[in-house]
Structure formats: structure tokens, C-alpha cells
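Architecture at a glance
Chain by chain, the residues:
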Amino acid sequence: MYSQIVLPRQWARAACLCRYVATIEGQKAAQNTTSSDGISPPVRIPRGPTDILQALAATVGPDPTAAHYKYHDDPFLIPLSNFLKRSYALAAEAGRKAATWVRDEHAELFTTREWDPPGKKKTPHFNADPRIDALAPKPIYNDESKVTEEDFKYTLQNALLEDAIKVFELLGGVKALSEELKIEFLQLLCFYNEKEPASTEWLEERWFAANTRERQIATWRLDGLANKIFISMEPKTPEAYCAMIQGMAKYYQAERAYALTQEAIEKGIPLSTSVFNSLLSCIGFLKEGTTLRIAALKDLLNQMNEQGLSPNNETLTSCLRSISAWGGGRMLEQIALQVLAEFKQIGIHPGLSAYYYLLCLFCKERGPQIDILSTILNDLENREKLEPQDAMDTKFFITAMGVCSDHLQDVGLAERLHKLLMKDDNYKLVGDAYKESIYYRHYITVNCRYAPFEKTIELLDSLVPNVYVPEPSVIEEIIRTLEVGGAGDRLAQMWSQLIVFGQAHRIKLVERLLDAFCNCYQYQDEEVKSKIRLAAADVLRFGQLNEEKEEGGKRRSPLQKLSATAISNIIELCSDVTDKDDPCWEQVGLALNKLRMEQAAGVPARPEILVQAAKKAAAVGKPGIAAMAVTYLTDCGFEEALSAGEQTLSVMLNRPEEEVRALLQEDRSKLATALHPSALVVAEAYLAAKTGSQIQDSETSSSESDSDEFSDDD
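Rules used throughout
Residues numbered from 1 in each chain as written. Predicted model: local features only at pLDDT ≥ 70, side-chain atom pairs only at ≥ 80, totals over all residues. Heavy atoms only, no water. Axes fitted to C-alpha atoms, helices over the stretch in contact; angles between N-to-C directions. Helix = DSSP H or I, 4+ residues; strand = E, 2+ residues; numbered from the N terminus. Parallel < 35°, antiparallel > 145°, perpendicular 65-115°, else oblique. Left-handed = near helix turned anticlockwise from the far one by under 90°. Contact = heavy atoms within 4.5 Å. Nonpolar A, V, L, I, M, F, W, Y, C, P; charged D, E, K, R; others polar. Disulfide = S-S within 2.5 Å. Buried < 20%, exposed > 50% of the residue type's maximum accessible area, 1.4 Å probe, protein only. Salt bridge = Lys/Arg side-chain N within 4 Å of Asp/Glu carboxyl O. pLDDT = per-residue confidence, 0-100. Polar contact = N/O pair within 3.5 Å; in protein donor to acceptor, adjacent residues only side chain to side chain.

Running from N to C, helix 28 (residues 623-636) and helix 29 (residues 640-653) point in directions that differ by 165 degrees, and their axes come no closer than 8 Å. Regarding the angle of helix 28 to helix 29, the classification is roughly antiparallel. For the crossing formed where helix 28 meets helix 29, the hand is left-handed. Within the contact between the two elements, helix 28 uses Pro623, Ala626, Val630, Leu633 and Thr634 and helix 29 uses Glu640, Ala641, Ala644, Gly645, Thr648 and Met652.

To continue, consider the packing of helix 16 (residues 373-381) against helix 18 (residues 411-421). For any two helices packed against each other, one specifies the crossing angle of their axes together with the interaxial distance. For the pair helix 16 and helix 18, the least separation of the axes is 11 Å and the interaxial angle reads 30 degrees. The angle between helix 16 and helix 18 falls in the class roughly parallel. Helix-helix and strand crossings are classified by hand; for helix 16 and helix 18 the assignment is left-handed. Mapping the contact onto sequence places Leu373, Ser374, Leu377, Asn378, Leu380 and Glu381 in helix 16 and Leu413, Arg416, Leu417 and Leu420 in helix 18. Residues belonging to the contact of helix 16 with helix 18 are distributed by class as follows: 6 nonpolar, 2 polar and 2 charged.

Here we come to the state of the cysteines. Enumeration over the complete set of coordinates arrives at 0 disulfides. You can see Cys584 has no disulfide; the closest cysteine sulfur is in Cys574, sitting 4.6 Å from it.

In most cases, non-glycine residues show a negative phi, while peptide bonds are predominantly trans. Pro235 follows Glu234 through a cis peptide bond whose omega is -5 degrees. Omega for the peptide link from Val464 to Pro465 comes to 5 degrees, which places this bond in the cis form. One can find Pro465 in the loop between helix 20 (453-463) and helix 21 (472-484). Positive phi, close to 55 degrees, is recorded for Gln409, a residue that is not glycine. Along the chain, the position of Gln409 falls in the loop between helix 17 (396-407) and helix 18. For Asp424, which is not a glycine, the phi torsion comes out positive at approximately 50 degrees. Residue position: Asp424 is located in the loop between helix 18 and helix 19 (433-450). Exposure remark for Asp424: the relative accessible area of 61% places this residue in the exposed category.

What follows deals with the pattern of salt bridges. Throughout the structure, instances matching the rule amount to 31 salt bridges. Residue Asp538 pairs with Arg541 through a salt bridge whose shortest N-O separation is 3.8 Å. Placement of both Asp538 and Arg541 in helix 24 (residues 526-551) is noted, with a separation of 3 residues, approximately one turn of the helix. When its relative accessible area of 27% is taken as the criterion, Asp538 is described as partly exposed. On the basis of relative accessible area, Arg541 is assigned to the partly exposed category, the value being 38%. A salt bridge links Glu572 to Arg606, with the nearest nitrogen and oxygen atoms 2.9 Å apart. With a gap of 34 residues between them, Glu572 in helix 25 (residues 564-574) and Arg606 in the loop between helix 26 (584-596) and helix 27 (608-620) connect regions that are remote in the sequence. Judged by relative accessible area, which is 35%, Arg606 ranks as partly exposed.

Let us look at the confidence of the model for the protein. When pLDDT is averaged along the protein, the result is 84, and 86% of the positions lie at 70 or above. Confidence over residues 1-9 falls short of pLDDT 50; this stretch has 0 contacts with residues more than four positions distant or in other chains. This stretch, residues 707-714, has a pLDDT under 50; its non-local contacts, to residues over four places away or in other chains, come to 14 contacts.

Okay, the side chain of Arg533 next. Mapped onto the elements, Arg533 comes out in helix 24. Among the residues examined, Arg533 registers a relative accessible area of 8% and is labelled buried. Side-chain polar atoms of Arg533 contact the side chain of Tyr521, separated by 2.7 Å. When neighbours within four sequence positions are excluded, Arg533 is seen to be in contact with Tyr521, Glu526, Leu573, Cys574, Asp576, Val577 and Cys584.

Next comes the structure, spelled out in C-alpha cells:
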């Protein structure tokens with residue numbers, strides 16, 4: 001039965017092969033022949049497998065509002081916060097990790113096929129056609145493994161350091177290896193310092209890992225396996241010296257690397273340019289003081305010249321890296337420019353990493369403003385293409401944008417830099433997700449501070465949130481920009497964006513947003529005012545829900561509470577309605593209750609807000625809310641409590657303030673029979689504020705008081 005299925009497949013493959021061969025022959029004939037009418041077909045242009053897709057993509061251009069390709073292109077599944085982006089990406093990679101674990105732990109499932117009848121026999125097969133070594137199960141070596149020199153070559157070619165050491169021991173050590181394999185093994189040990197390298201397969205883990213600065217301390221393994229192999233080699237070849245020196249220099253064992261270099265020079269062993277480049281990058285560990293370090297730098301360059309070695313781009317980058325790490329000052333800046341000029345004279349132009357170190361040297365955080373970035377951009381803009389040459393190339397754009405934002409404060413340079421990044425295929429030089437986030441943080445910040453308002457709004461619409469989700473500091477800049485521009489509608493939308501971005505729990509941001517609401521509220525039309533009031537009311541409801549979750553024990557960390565000033569801002573916004581049945585009055589009552597129950601930090605910075613809220617509540621027929629506001633002012637000891645009591649009673653009783661003052665001079669027993677319960681509470685609060693005594697327990701709830709209305713006879 002199985003043979004009946006396989007034979008047609010084999011015939012189909014044979015037919016496909018014949019058609020492919022015929023096509024190739026036809027293409028070759030078309031290139032070398034001319035038709036009878038004198039028309040010759042054009043020469044065939046070789047195409048890559050993705051050339052057509054790239055040509056189609058070039059006609060459309062990038063869509064800044066689209067999600068990254070690694071996320072599902074579904075509006076309900078696209079992550080819109082940094083936390084969700086990280087979680088989604090790492091979850092997808094965790095699935096790939098699980099598949100890799102199954103492949104490695106159960107390799108037998110991928111190396112044999114079990115035939116279902118006849119006989120259920122097992123035959124070896126490849127798990128892919130054509131075979132892809134990266135997807136094949138990796139061999140496992142233990143003490144019982146029978147290994148050969150081919151196994152050792154396999155571990156070296158795939159940079160499997162731990163497996164290479166194990167196979168090296170199983171083969172019998174140094175004596176069992178040829179000189180060529182010794183060199184390859186020594187180079188692997190020196191490059192990774194005898195530590196298993198991090199897997200390059202898990203891209204998302206590296207992109208979303210916490211960015212930690214490289215610790216520049218000596219971590220070279222002294223008297224390790226690399227040193228033993230180097231000692232056992234006789235005679236020692238130039239490749240062995242180069243591997244040891246570069247390994248020591250890479251892991252900052254600078255003194256031994258320099259001593260080994262001098263030993264090789266004395267023995268007449270030729271060294272490579274890369275050896276001197278590695279020494280140039282760690283001069284700071286050889287000498288103390290700027291003068292001695294500059295002298296050592298010149299000595300190494302002279303030794304290169306004596307050895308007949310030509311410098312390259314890496315040499316220039318290593319020199320500037322060392323100079324930028326020695327601090328700052330006029331002397332180092334002049335030395336850096338001198339080195340740059342001499343390298344340009346011999347036809348070596350700096351790359352992005354070299355320019356990165358120049359920016360680090362000239363544009364210090366607290367140093368004077370030096371506009372070296374304009375010259376750098378002039379050079380880069382005139383180049384046809386920016387090719388990555390060093391791992392530090394990805395730090396140029398984020399550092400340059402930081403210089404535009406914080407050091408030079410120039411939005412024009414920021415636009416030029418961003419245009420250069422978006423040119424051709426330069427965007428790959430922005431680096432990983434962490435560096436990309438830093439770049440856009442600086443870019444949006446400098447636009448919010450120095451660009452025209454319309455340009456900033458256009459930029460935010462194109463970048464947020466699919467390309468970039470702002471951090472709290474950037475959100476503060478955006479709120480400030482919208483506040484200055486009087487964009488009330490945008491500010492109202494900002495609250496919903498805080499919820500989507502997962503930033504609504506940050507009390508500082510919420511309070512800053514409420515301040516912006518109050519500052520630009522009076523300049524908006526009625527429709528925008530309604531949106532702002534709804535947003536302010538929703539802030540209070542959001543806090544109420546979080547408090548309920550905390551009471552239910554569903555929160556791990558204690559909940560931060562809004563300040564009394566922020567609560568009073570909500571009261572100011574929500575009380576600006578003339579309809580008694582408006583839902584905003586309910587939020588005003590809840591906010592006042594929070595203040596009275598001491599569920600907010602501090603006291604309001606502007607107590608006059610509560611005075612106005614009490615008058616408005618009394619005017620629309622909400623005497624209970626008015627009484628709560630006046631009572632709170634009295635409890636806190638504000639001077640405004642007296643004026644609040646008089647003005648609120650004047651509105652409640654529809655009497656001039658002079659008559660109200662005369663009425664408040666009567667005995668409390670007469671007031672109790674003459675006044676409405678809510679008005680009586682206001683009167684007692686007024687008397688308590690005037691005499692400095694405590695308010696008597698004769699308060700009424702807002703729900704009861706607000707249901708009654710005052711008449712002129714009250």
C-alpha cells in the first residue's frame with residue numbers, strides 16, 4: 001500500500017526536475033542566441049528569493065499605524081502597552097523553546113520513521129527535505145560517548161563550547177589533536193573566555209532583557225584551559241599569539257596581553273592588525289593619567305607602523321573608544337580630532353561606532369554645548385549607504401537623538417537624524433527593542449518641547465501606540481504640551497490612553513492630568529467640557545474599583561491613593577453642571593465623602609474650589625452635598641469656611657448675606673426649627689468655624705437632604 005503512494009510522488013518529482021532543467025536550458029539559450037529577425041532577448045538578471053517581495057513593499061512604504069509583524073494583526077490581539085508587548089513576544093518565544101526542548105529531549109522521534117504496515121519496521125530518515133541542520137536534534141556527549149575528530153570539528157564549527165571541551169577530554173587531550181585543530185579550539189576558548197555563549201536563537205529574550213552596562217573589569221580566566229593549550233604548543237604560531245592576546249584584551253587582562261605582545265615582537269613573530277586594535281581599546285588599564293595614556297596610544301600606533309601593519313576602521317574606533325573612556329576636557333577633545341584627521345588623510349572614514357564615541361566625548365551631560373553632531377550628519381547624509389561594521393553601531397542613533405533632546409535642544413537636528421534613520425535600510429541600525437524605545441523617548445521629548453504644536457500632534461498620531469508606547473516621563477511631556485496648546489479634547493483622550501498603556505495606576509501621572517484638565521477647562525466649548533467631566537468622573541470610578549480589589553485581597557502591592565488636591569480638582573470639574581440629575585453630582589458626593597473619611601493624602605491646595613462647589617450644589621438643589629463641603633472646610637480649619645457658610649446659606653435661603661449673618665446670631669434652638677436640616681448643618685459648621693469649637697452631631701446624609709427642596713419660607 002505504501003509503495004503505491006510513494007511511486008506517484010517519485011514520478012511527480014522526476015517530472016518537476018525535467019521541467020526545471022528545461023527551463024534552465026531555455027534561459028541559457030536565450031542569453032547566447034539571436035533570433036532570425038535580429039531581436040536578442042535581454043541578459044537574465046539573477047534574482048534572490050525575496051527580491052519580488054521587496055519590490056512590492058517599496059511601492060507601498062511602511063505603515064506606522066500597523067502592529068509589528070510578530071504580533072497578530074487583529075485589533076483585539078494587538079498589544080498596546082509595553083508590558084503586553086513584552087509578554088506576547090516572550091510567550092511566542094516560549095512556544096518555540098518548548099518545541100526545541102521536545103526536539104532535544106526526544107531526538108528519536110525526529111531521526112527515525114515508524115512504518116505502519118507491513119511489519120512496523122523503523123528506518124532512518126531526515127526530518128526535513130532538504131535537511132536543515134539548525135532544526136535537527138543536537139548530539140549529546142557524555143563519558144560513554146564514542147567520539148571522533150569529526151565530532152570535535154562539528155562542535156567547533158557550531159561554537160558548542162561545553163560540548164567541545166567534553167569531546168576534547170574524550171579524545172585524550174592536547175596530544176590527540178592536530179595543530180590546526182588546536183588553533184581553532186584555542187580561538188574558540190579565547191573568544192568566549194571558556195564560557196558557554198548565550199544562544200543567538202532567542203531574539204526576544206535578548207531584545208527585552210534588562211539593559212545592563214558592561215562591567216569593565218578583568219574577567220579573563222587565569223591558568224585556564226586556553227593557557228594550558230597555548231603552553232603546550234611548540235613552536236608557538238602567530239595565530240596562537242593573536243588568539244591569546246585578543247582574548248586577554250577583550251576580557252581586560254591588559255597587562256598580560258601587552259606583555260605577550262612585546263614577547264611576540266621580540267621573537268619576531270608577526271601579529272595582526274586586530275591584535276593592536278584590541279590593545280588600543282584597553283589602554284586605560286595599562287596606564288594611569290591622561291598624559292601617560294596618550295603616550296601609550298601613540299607608542300602602539302608607532303609599533304603598528306614598524307610592524308608594517310595598515311590600520312583600518314576598527315583601529316580608529318578603538319582609539320576613539322579609549323579616548324572617550326578617559327573622561328573629558330580640551331586635551332582629549334583635541335587628541336580625538338587629531339586622530340580623526342590623520343585617519344581621514346589615509347582614506348579611513350569613521351563609522352557609526354566611531355561617531356558614537358565622539359558624541360560621548362564632546363557632548364557630556366553637564367558639559368558645554370558643542371555642536372559636533374551637525375558635522376557628523378553632514379558626512380553621513382552624503383554617503384550612499386550606511387553599512388554596519390561594529391556592534392556599537394546600534395548605539396549611535398539613540399545617543400545622537402539624546403544629544404538633540406538634552407544637550408543641544410535642537411528639533412531641527414532631530415528631524416535630520418530621524419530622516420537619516422528612515423532612509424533606505426538604515427532602520428536596522430536602531431538596535432533592539434530597548435534601544436528603539438530610548439530613541440523614540442528622546443525624539444518625542446524634543447518635539448514636545450521645541451516643535452510646533454501641530455507637528456507634535458502629527459508625530460504622536462503616527463507613532464503612538466503601535467510603534468512606541470510612551471514611558472511615564474514622556475507622558476508628562478505630552479500632557480504638558482497638550483495643556484499649553486489648549487487641546488482639551490486630546491487631554492480627555494489621554495485618560496483612556498493611560499488605561500490602555502497600563503499607566504493609570506501611576507498616581508503622579510493621574511494627578512498631573514487632572515491639573516491639566518482644570519487649567520484648560522474654561523477655554524473649551526461645551527462638548528469638550530463634557531468629555532473632560534466624564535474623564536474626571538472616570539478617574540474617581542477607576543480608583544474606587546482598585547480600592548475594592550484591594551479590600552478583596554486581589555492586589556499584591558499596597559494601593560496608592562489620590563491626593564486631596566486631585567480629589568478637589570475632580571470636584572471642581574464635575575460640579576460645573578446645572579442639571580440636578582446629572583450623574584456628575586454623584587461623583588462630587590463620592591469625592592467629598594473621600595475627603596471627609598480621610599481617604600486622600602493631605603488637604604486641598606485650593607479650598608476655594610470647595611466653596612464654589614458648595615454654592616453650585618445649593619443652587620441646583622443638592623443641599624446635602626453643599627453641607628458636606630462646608631463641613632469639611634470647617635473640620636480642616638480653613639479660613640474659607642466662614643465665607644463658604646455665609647454664601648451657601650445665602651443661596652439656600654435665597655436671602656442676602658446680611659440677613660444670613662443676622663439669622664446666624666440667633667439661638668441654636670430657634671435655628672433648628674427655622675432651618676432645613678442641611679441648612680442647619682451649614683449653620684452649625686459656620687458657627688464652629690467662627691468659635692473654633694467642634695461641630696455637633698446633627699448631620700444628615702446627602703441622599704436624604706438632596707431629595708428635599710428649599711422654599712423662600714424656609
